[in-house]
Amino acid sequence: MTAAIQLQKIGYAYGREPVLNAISISIARGDYFIIIGPNGSGKTTLLKLAAGIIRTTGGDVRIQGRSIGRFSRRHLARAIAYVPQLIRTDFPFTVMEVVLMGRSPHLGMLGFEQPRDIALAREAMGFTGVDHLAHRKLNALSGGECQRVFIARAICQESEIMLLDEPTASLDLAHQVRVMDLMEQLRIEKGITVVMVSHDVNLAAMYGNRILLLNKGRIAGMGTPRQVITYQTLEAVYGCKVLVDLSPLGDFPRVTLVPSRYIPAG
Amino acid sequence: MTAPLHATLKRLWIVSAVLLVFFVLTMLAGLCAGSSDTGVRRVISVLVGGEAADPMLATIIWRIRLPRVLLAAMVGAALSMGGLVFQALLRNPLAEPYILGISGGAAIGAIIGILMGFARFPGVGLMAFVGSMATLALLLLMTSGRSVLKKDSLLLSGVMVNAFCSALIMFLVSITQDARLHNIIFWLMGDMGMTDLRQAGFLALILAPCFVLFFWLSNAMNLLTMGSETALAIGINVKAVSLVLLTATSLMISAAVSHSGLIGFVGLVMPHLLRLVLGPDHRVLVPASILGGGGYMVLCDLLARTLPRQGEMPAGVVTALIGAPLFIYLLKRTKS
Amino acid sequence: MTGKAQQRIGRRFFVILMVLGGALALILAPDSARGVRSVTDFLGRRVVIPDEPRRVVALAPSITEIVYALEQESRLAGVTRFSDYPAAATRLPKVGSYVHLDLERIVALRPDLCIAVKDGNPKVVIDRLMQLNIPVFAVNPTNLETVIQAVEHIGRLLNTEQKAALIAADMRARIEHVRQQVAEVERRPRVFFQIGLAPIVSVGSATFIHELIETAGGENVARGDVPYPRFSREQVIGLAPDVIIITSMARSAIFERVKAEWARWKHMPAARNNRIIVQESNLFDRPSPRLVQGLELLVKLIHPQLFGGSP
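Residues numbered from 1 in each chain as written. Chains lettered and ligands numbered in written order. Predicted model: local features only at pLDDT ≥ 70, side-chain atom pairs only at ≥ 80, totals over all residues.

1. Let's talk about the overall build of chain C
In step 1: Helix and strand counts for chain C come out as 12 helices and 14 strands.
In step 2: Taking 311 residues into account, the globule formula puts the C-alpha radius of gyration at 19 Å, and chain C, at 26 Å, lies well above it.
In step 3: Dimensions along the principal axes, computed over C-alpha positions, put chain C at roughly 110 × 45 × 35 Å.
In step 4: Evaluated residue by residue, chain C yields a buried proportion of 38% over its 311 residues.
In step 5: Counting only contacts in chain C whose residues sit at least 6 apart along the sequence, the fraction spanning at least 24 positions is 57%. (Helix = DSSP H or I, 4+ residues; strand = E, 2+ residues; numbered from the N terminus. Rg over C-alpha atoms; globule rule 2.2 N^0.38 Å. Buried ≥ 20, exposed ≤ 12 C-beta atoms within 10 Å, placed from the backbone. Contact = placed C-beta atoms within 7 Å.)

The following block contains the structure:
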């Protein structure tokens with residue numbers, strides 16, 4: 001079956017600094033693909049390349065078998081929904097207006113919304129628990145609430161692939177689980193492919209069916225959580241002591257950070 | 001369930017209707033007022049009765065006041081639209097149409113035209129237009145294609161170009177000694193008094209397609225304000241749209257400024273005020289800016305003509321006197 | 001045929017002849033028989049004006065003065081803002097200032113003729129007036145001789161050629177008298193004529209004042225191509241003028257201060273001999289008959305010894 005996203009030998013550099021080097025990945029349809037790695041490893045850059053927001057310096061990005069360059073912006077937006085890290089805006093759009101922006105790829109140039117679009121937006125806001133904020137201005141919300149609004153917007157895009165950049169970064173515990181569950185639900189109910197960058201290794205282990213571990217722009221590990229998340233790999237990549245065992249909840253690893261007082265001297 | 005809380009199209013019709021009434025009323029007021037002190041009733045009788053009623057007044061209304069009122073409306077609409085588009089393009093609600101140095105270039109072109117002895121129209125107007133377009137080209141060269149997406153570099157380059165143009169203008173003014181100095185000062189302060197229907201029609205030909213284009217791109221402008229990455233991700237070709245918006249806006253503002261001189265504060269205050277009242281959706285703001293900005297300028301020009309006991313004030317003075325305190329008030333409202 | 005019948009036919013024939021003759025005369029007559037005539041103004045434009053202009057708008061203060069001098073003020077319908085001479089002119093309706101004319105006010109006065117000055121009135125206004133079918137006659141006085149010609153032309157426009165000729169002759173005679181007076185003076189004093197206070201501005205060769213100074217037997221130290229050259233104080237002191245004449249529209253208190261400023265530089269001839277003079281400006285820069293008055297005044301200021309004063 002055609003991979004949802006296929007990256008072949010892609011690379012990227014900011015000026016002269018190479019950020020990614022000849023990465024080749026294949027993401028299957030319906031995957032819950034989670035990218036982890038230390039800061040500066042190139043996670044966000046990789047996601048942006050997959051979303052078509054920046055162009056690779058070499059190699060090829062394929063979406064559902066087609067080279068990304070052959071998509072028009074509109075069609076790409078219908079295929080991929082991208083949720084960026086937190087952005088601030090000075091324009092007083094309401095939550096409802098922001099979520100409805102997700103319908104743009106499906107509407108004409110002027111894009112006047114129909115009742116169906118509004119119903120979809122309400123449903124999406126219900127999913128992420130922001131429907132009670134529909135009339136509030138975006139710049140009056142907390143970081144976490146904003147993030148859920150952006151996720152609702154991405155859901156509205158009705159695309160088969162969702163790319164999220166650290167979606168749980170500003171969320172409290174309840175909402176972290178809720179968002180991760182939501183992605184799982186979308187995967188199962190609608191067959192959506194989820195590609196996520198996460199800083200939380202445990203969440204990645206709990207939910208992902210495939211993990212990609214990046215280090216300094218190269219692949220340090222790719223496979224199932226049990227394959228990738230081992231204490232040797234983590235210690236080598238992150239440079240700190242960790243304890244990895246099996247979670248009591250299921251067949252996935254659990255990572256515990258080890259404070260220095262537990263490390264025997266010598 | 002109650003009526004959909006987001007009926008943009010319905011809101012658009014209502015807002016447009018209200019502002020259209022405002023616009024028409026200001027146009028009528030503009031036709032009624034003037035330095036020859038004719039009463040409102042006499043004006044209405046001419047408007048209704050035709051030329052036979054009072055040929056001298058009919059001449060004044062149709063051939064002196066009407067072109068002026070039309071020009072004011074179009075310049076006000078163009079400047080408001082320019083401010084609106086630049087605010088979306090630069091993602092900054094404080095941007096205004098002269099921010100990228102277009103006004104500086106237009107002024108230099110106009111001054112050179114006046115010094116060379118050209119007539120107001122088409123000579124000086126054409127020179128102003130060439131000057132502003134040259135400034136735009138310079139700006140694009142300085143920032144280079146890719147960085148058009150990076151709003152900060154565009155903004156900073158614009159500020160630099162403006163500063164340079166200001167210095168050049170001061171130099172040109174300082175070396176001019178004769179009656180042409182008077183013409184230059186009046187052009188710089190905004191003067192719509194000497195226009196006729198032909199010139200007004202010419203401007204309308206340039207502005208109309210620009211307005212249509214901006215309305216067509218109003219949804220894209222909404223998305224642009226969310227950041228170029230978000231806009232890209234939701235399907236907007238940010239680079240192409242930005243370039244089109246930049247060029248069309250510069251064209252529109254240059255054309256307006258070539259006819260009227262430099263009139264400030266309209267492009268800053270009007271979009272801000274409308275956004276505060278009507279919300280940030282550009283599909284509503286674009287027609288609102290055209291009608292609201294046009295009506296506002298007609299009012300300011302009316303005041304400029306009628307307030308002073310002797311002669312008239314430059315329109316730019318009125319827009320500044322009203323605009324500056326209004327803008328400070330708006331800033332306070334948005335902060336709270 | 002009877003005698004009476006012959007008489008009747010004769011009378012009828014006579015009437016028909018008269019009517020035909022009259023019609024012929026009307027057809028063949030020039031425009032003037034129909035109330036308008038065509039003239040050429042100082043810019044070479046052909047303008048169609050009424051035979052008897054009754055509502056004239058003077059588009060510059062100098063024109064207003066000329067019309068009053070020709071005693072045709074009854075024809076005036078409007079003047080510009082600074083038409084302050086004679087005093088009666090200030091009561092006439094105003095049409096803006098001569099550099100910033102008010103189109104609406106001019107049209108509202110229903111003029112049948114406007115008289116403009118080439119240097120000063122903006123061309124765009126003249127064009128607009130022509131567009132609105134209001135005839136505009138432009139004069140272009142650049143020196144004493146063309147001012148006299150302007151008076152003669154305007155006299156023709158307003159059907160008062162005799163009065164115009166009188167004024168012209170008087171002006172020419174007085175100018176000639178001045179020329180004879182100064183022909184006997186040996187030395188031409190150096191004159192610095194200051195028209196701007198800050199910055200210091202004087203007059204170049206292309207101005208009325210320059211011609212007046214030279215005709216009055218003085219030497220304009222600021223002569224040159226630049227019509228209104230600027231000077232620094234050192235430059236003026238370096239030019240060593242014998243006389244400094246200051247005109248401006250500022251108030252008298254400022255004048256005294258300016259005079260004192262110059263008086264400090266004792267090695268400058270004008271200061272040493274106390275020849276720093278302050279004067280009203282309208283006599284020197286308005287292209288009207290009073291320009292000759294300005295000339296005569298200048299002679300007194302530059303050559304006081306001709307009138308019993310000390311040089």
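2. Here we look at the nonpolar core
Soluble, globular proteins show a tendency: their nonpolar side chains are buried together.
In step 1: By size, the foremost hydrophobic cluster in this structure holds 254 residues, and its most contacted members are V99(A), L163(A), L59(C) and I115(C).
In step 2: Counting the residues that make up this core, at least three belong to each of domain 1 (36-168) and domain 2 (186-307) of chain C.
In step 3: Setting aside residues up to four positions removed in sequence, L163(A) forms contacts with L47(A), A50(A), A51(A), I80(A), Y82(A), V83(A) and V195(A). (Core = buried A, V, L, I, M, F, W, Y, C linked by C-beta atoms within 7 Å. Domains from an automatic or database assignment.)

3. Quick notes on the domain arrangement of chain C
Residue and element names in this part refer to chain C.
In step 1: You can read the domains of chain C as domain 1 (36-168) and domain 2 (186-307).
In step 2: Using C-alpha coordinates to define each centre, domain 1 is positioned 30 Å away from domain 2.
In step 3: Looking at the side of domain 1 that touches domain 2, the elements that each hand over two or more residues are α2 (61-69) and α5 (144-157).
In step 4: Class assignment of the residues belonging to the side of domain 1 that touches domain 2 gives a composition of 10 nonpolar, two polar and one charged. (Nonpolar A, V, L, I, M, F, W, Y, C, P; charged D, E, K, R; others polar.)

4. Remarks on the sheet that holds strand β5 (residues 66-67) of chain A
All names here are of chain A.
In step 1: Taken together, four strands build an open sheet; the order of strands is β2-β1-β4-β5 and the sheet is antiparallel. Each edge of the open sheet carries a strand with a single partner, namely β2 (17-27) and β5.
In step 2: Across seven bridges, strand β1 (residues 5-14) lies against β2 in antiparallel orientation. Bridge pairing in β2 links Y14 to E17.
In step 3: Sheet strands in contact with helix α1 (residues 43-51) are β1, β2 and β4 (58-63), and its direction is about 125 degrees off that of β1. (Pairing = 2+ DSSP bridges. Axes fitted to C-alpha atoms, helices over the stretch in contact; angles between N-to-C directions.)

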